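Structural description and commentary
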Amino acid sequence: MNTHRMNLRTRVTAALCAALLVQSSVVSIASSQAQAPAKPAATTTATPPAAKIPNDQLDSLVAPIALYPDPLLAQVLAASTYPLEIVQLQQWMEKHPDVLGDALAAAVEKESWDPSVKGLAGVHDVVKRLGDDIQWTTDLGNAFLAQPADVMDAAQRMRKKASDAGNLKTSEQLKVTTEVVETKQVIVIQQANPQVVYVPAYNPVVVYGPPIYPYPPIYYPPPYYYGAMAIGFGVGIAMGAFWGGGWGYGPRWGYGSVNVNVNNRYVNHYNRNTNINNRAGGNWNHNPSHRGGAPYGDRGTADRFGGSARGDSGANRQGTTGRTQPSNTGANRSSSAGANRTGAGTTGAGANRTGSAGASDRVGNRSVPSSSSNRSGSAFGGASSSRSTSSAARSSSSRGASSMGGSRGGGGGGGRRR
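Not measured: the values here are computed from a predicted model. (Residues numbered from 1 in each chain as written. Predicted model: local features only at pLDDT ≥ 70, side-chain atom pairs only at ≥ 80, totals over all residues. Heavy atoms only, no water.)

1. Focus: the overall build of the protein chain
Using the following cut-off: To qualify as a helix, a DSSP run of H or I must reach at least 4 residues; to qualify as a strand, a run of E must reach at least 2; elements of each kind are numbered from the N terminus. The cut-offs for exposure are 20% and 50% of the maximum accessible area for each residue type, with area from a 1.4 Å probe on protein chains only; residues under the lower value are buried, those over the upper are exposed, and the others partly exposed.
Looking only at helices and strands, the protein chain has 14 helices and 11 strands in total. By residue count, 53% of the 418 residues in the protein chain fall in the buried class.

Shown next, in the form of C-alpha cells:
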C-alpha cells in the first residue's frame with residue numbers, strides 16, 4: 001500500500017513538472033518572437049518619369065522637316081527611331097551610286113532594315129539629311145517615341161508659324177489646305193502632283209522667324225539657293241517602284257500618331273516575311289529589333305522596349321540589351337498598343353543633352369562619323385541657328401541637282417527626275 005502511494009506521488013510530481021516545462025517553453029518562444037525585430041517590407045524602386053521636353057524645344061527639333069508633305073513627314077518620324085539602320089542605308093547607297101530606279105528599289109527590299117527606312121531610298125536628299133546629322137535624327141526619334149502626340153503638335157505649330165508669315169502656301173510643288181480633324185484645326189501638306197515628290201528646302205529662321213530655342217545646327221542651303229522664295233525645291237522625283245501601293249505612312253493629326261498603309265511595297269513585304277498579321281493596317285508601332293542597340297532617350301522608354309537608355313553604364317547596357325522584347329512591340333500591328341498610343345508622351349526623350357557631340361556621334365555600340373555641322377551646344381541646339389553661307393552648296397536647282405545638296409549624279413536615289 002505504501003509502495004503504491006509512493007508510485008502515485010512520483011507520477012503526479014512528474015506530470016506537474018512536465019506541465020511546468022511545457023508552459024515555460026511556450027512563454028519563452030512567445031517572448032522571443034515578440035522581442036525579434038520585424039523584417040522590413042520588400043520595396044520596389046520605380047523608375048522615375050523623365051521630364052517632358054518643353055514645347056519650344058520640340059518646335060525647334062521638328063523645324064527642319066515640319067513642312068515636308070504629310071506622308072514623307074510621317075515616314076521620317078517612324079524611320080528616325082532606327083538611327084543605325086539609316087546610317088547603314090546611307091552607307092549602302094554611297095557604295096552603290098550606280099544602282100538607281102527599279103534596281104535600287106529591288107535591292108533595298110532584300111535588306112533587313114525596317115520598312116520605313118527602306119522606303120527612304122527613293123528620296124536621297126532625305127537620307128543624306130538624316131544620315132549626315134545622325135545626332136539630331138536620333139533626338140528626333142527619341143522624342144517621337146516618348147512624346148508622339150507632342151511631336152505631332154509641334155509640327156502643326158511650326159506649320160502655322162510659316163503660314164502666318166506668308167511662307168507656306170499652295171504652289172506648283174505642294175498643296176496646302178486647312179482641315180478640322182477630331183476638333184483640331186490642322187494644316188495638311190500634300191503633293192501638288194500625286195505622281196511627283198518634291199522635298200522642300202528652307203532655312204528655319206527665314207521661314208518661321210527667330211526661334212525661342214535654337215534650331216538644330218544642321219546643314220541649310222545658303223540664301224542664293226532660294227532666290228526670292230522662302231522655300232526652295234529641287235527637281236521633282238517621279239513616284240515609281242518605291243511607292244508601289246502608295247505611301248507607307250501617314251500622320252493621324254487628330255490622334256497624335258502615325259498610320260501604316262499595309263499595301264505599300266515595303267510594309268507588305270515585311271509583313272509577309274515576318275508573319276505579322278497586319279492586313280487591316282492601323283497605328284505604327286516601334287519595332288525594337290531594328291534599334292541595333294542604340295540607347296533610348298530615357299529609362300522609361302527603354303523599359304517599354306527592353307533596351308538601354310542614355311547614361312546607362314556599360315554593364316547595365318549589356319544587361320538590358322539582352323532582355324526579352326515586349327510582346328506588343330511588333331512593327332505595324334493593327335492595334336494601337338505599344339509605343340504610339342495617343343497621349344503616351346508621359347516621359348521625356350532626353351533630347352537636350354549638354355556638351356558637344358564630339359568628333360563622332362554614337363549610335364548603339366558603334367561610332368559613326370559626325371556631320372560637319374557645328375555642334376557647340378546641346379545635341380540638337382545651342383549653336384548658331386544656321387551654318388555659315390560661305391560653304392558652297394553642293395547642288396542647286398539651276399544645275400538640276402537635289403534640294404538638299406550632295407545628291408548623286410542622275411539620281412535623287414530612286415525614281416526618274418523631272
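2. A word on the packing of aromatic side chains
As a reminder of what qualifies: Stacked, edge-to-face and tilted are the three classes for Phe, Tyr and Trp ring pairs, Trp counted by its six-membered ring, which pair at centre distances within 6.5 Å; planes under 30 degrees apart are stacked, over 60 edge-to-face, the rest tilted. The rule is short: NZ of Lys or CZ of Arg within 6 Å of the ring centre and within 35 degrees of the ring normal puts a charge over the ring.
The tally for this structure, following the rule as stated, stands at 5 aromatic pairs. An angle of 85° between the planes, with centres 6.2 Å apart, marks the rings of Tyr198 and Phe233 as edge-to-face. Of this pair, Tyr198 sits in the loop between strand E3 (196-197) and strand E4 (200-202) while Phe233 sits in strand E5 (residues 231-233), and the two are 35 residues apart along the sequence. Here Tyr198 matches Phe233 in class, with each residue buried. For the pair Tyr296 and Phe305, a centre-to-centre distance of 5.5 Å together with 25° between the ring planes defines the contact as stacked. Note on Tyr296: relative accessible area 2%, which makes it buried. On the basis of relative accessible area, Phe305 is assigned to the buried category, the value being 2%. Over the face of the ring belonging to Tyr255 we find Arg252, whose NZ or CZ atom lies 4.2 Å from the ring centre. Above the ring of Tyr296, the side-chain terminus of Arg291 is found at 4.3 Å from the ring centroid.

3. What to know about the packing of helix H7 (residues 124-132) against helix H8 (residues 134-146)
Relative placement of two packed helices is described by the angle separating their axes and the distance separating the axes. Counted only if it meets this: As a rule, the C-alpha atoms of each element are fitted with a line to give its axis, helices using only the stretch in contact, and angles between N-to-C directions run from 0 to 180 degrees. Every angle not falling under 35 degrees, over 145, or within 65 to 115 is termed oblique; those three ranges are roughly parallel, roughly antiparallel and roughly perpendicular. Contacts are assigned to residue pairs that have any heavy atoms within 4.5 Å of one another. Charged residues are taken to be Asp, Glu, Lys and Arg, nonpolar residues to be Ala, Val, Leu, Ile, Met, Phe, Trp, Tyr, Cys and Pro, and polar residues to be all remaining types, Gly included.
Where H7 meets H8, the axes come as close as 5 Å, and the angle between the chain directions of the two elements is 95°. Classified by the interaxial angle, the pair formed by H7 and H8 is roughly perpendicular. Contacts from Arg129, Leu130, Gly131 and Asp132 in H7 reach Ile134, Trp136 and Thr137 in H8. In terms of residue class, the contact of H7 with H8 is built from 3 nonpolar, 2 polar and 2 charged.

4. Let's talk about the pairing of strand E7 (residues 249-252)
Heads up, the condition is: Pairing between two strands requires that DSSP report at least two bridges joining them.
Pairing geometry for E7 and strand E8 (residues 257-260), over 4 bridges, is antiparallel. Each residue of the ladder has a partner; that of Pro251, found in E8, is Val258. Turn length for the E7-E8 hairpin, with the two strands adjacent in sequence and antiparallel, is 4 residues, and the turn residue Gly256 shows positive phi of about 70°.

5. Description of the nonpolar core
Spelled out, the test is: For this analysis, a nonpolar core means a set of buried residues of the types Ala, Val, Leu, Ile, Met, Phe, Trp, Tyr and Cys, connected via side-chain atoms within 4.5 Å.
Of all hydrophobic cores here, the largest spans 75 residues; its most connected members are Leu120 and Tyr208. Broken down by element, the residue count for this core peaks at 7 residues, all from helix H3 (residues 70-79). For Tyr208, the contacting residues outside a window of four places in its chain are Ala63, Ala66, Leu67, Met158, Lys161, Ala162, Tyr202 and Tyr215.

6. Notes on the environment of Tyr213
Within the secondary structure layout, Tyr213 lies in the loop between helix H10 (204-208) and helix H11 (223-226). The exposure class of Tyr213 is buried, given its relative accessible area of 16%. Each C-alpha atom of the pair Tyr213 and Leu61 lies 9.1 Å from the other, and the pair is 152 residues apart in sequence.

7. Focus: the pairing of strand E2 (residues 184-191)
Of the pairings in the sheet, the one linking strand E1 (residues 174-181) to E2 comprises 8 bridges and is antiparallel in character. Paired with Val176 across the two strands is Ile189, which belongs to E2. With antiparallel pairing between neighbouring strands as the criterion, E1 and E2 make up a hairpin whose turn holds 2 residues, including Glu182 at a positive phi of roughly 50°.

8. Digging into H3
Count 3.6 residues to each turn of an α-helix, and residues three or four apart come out pointing the same way. Burial within H3 is extensive, with 10 of its 10 residues counted as buried. Of the positions making up H3, those classed as buried are Asp70, Pro71, Leu72, Leu73, Ala74, Gln75, Val76, Leu77, Ala78 and Ala79.

9. What about the sheet that holds strand E9 (residues 282-283)?
Across the sheet, 3 strands lie side by side as E7-E8-E9; this open sheet has antiparallel pairing. Sheet topology places E7 and E9 at the edges, where each strand pairs with a single neighbour. In the packing of H3 onto the sheet, the strands contacted are E7 and E8, and the crossing angle to E7 comes to about 95°.

10. So, the confidence of the model for the protein chain
Convention followed: pLDDT expresses how confident the predictor is about each individual residue, on a scale running from 0 to 100.
Per-residue pLDDT for the protein chain averages 72, and the proportion of residues at 70 or more is 56%. Counted against residues more than four places away or in other chains, residues 20-34, with its pLDDT under 50, gives 0 contacts.

11. What to know about the packing of H8 against helix H9 (residues 148-164)
For the pair H8 and H9, interaxial distance at closest approach is 5 Å and the crossing angle is 120°. By the angle between their axes, H8 is oblique relative to H9. On H9, the residues touching Ala143, Phe144, Leu145 and Ala146 of H8 are Pro148, Val151 and Met152. Of the residues in the contact of H8 with H9, the class split is 7 nonpolar, no polar and no charged.

12. A few points about H7
Counting buried residues along H7, 8 of its 9 residues qualify, which places the element largely inside the surrounding structure. The set of residues buried in H7 consists of His124, Asp125, Val126, Val127, Lys128, Arg129, Leu130 and Gly131.

13. Considerations on the side chain of Asn203
Here is the rule: For the purposes of these results, a polar contact is taken to be a pair of N or O atoms within 3.5 Å, where, inside protein, one atom must be able to donate a hydrogen and its partner to accept one; residues adjacent in sequence count only when each atom of the pair is a side-chain atom.
Within the secondary structure, Asn203 sits in the loop between E4 and H10. Judged by relative accessible area, which is 11%, Asn203 ranks as buried. Only 3.0 Å separates the side chain of Asn203 from the backbone nitrogen of Val205, close enough to count as a polar contact.

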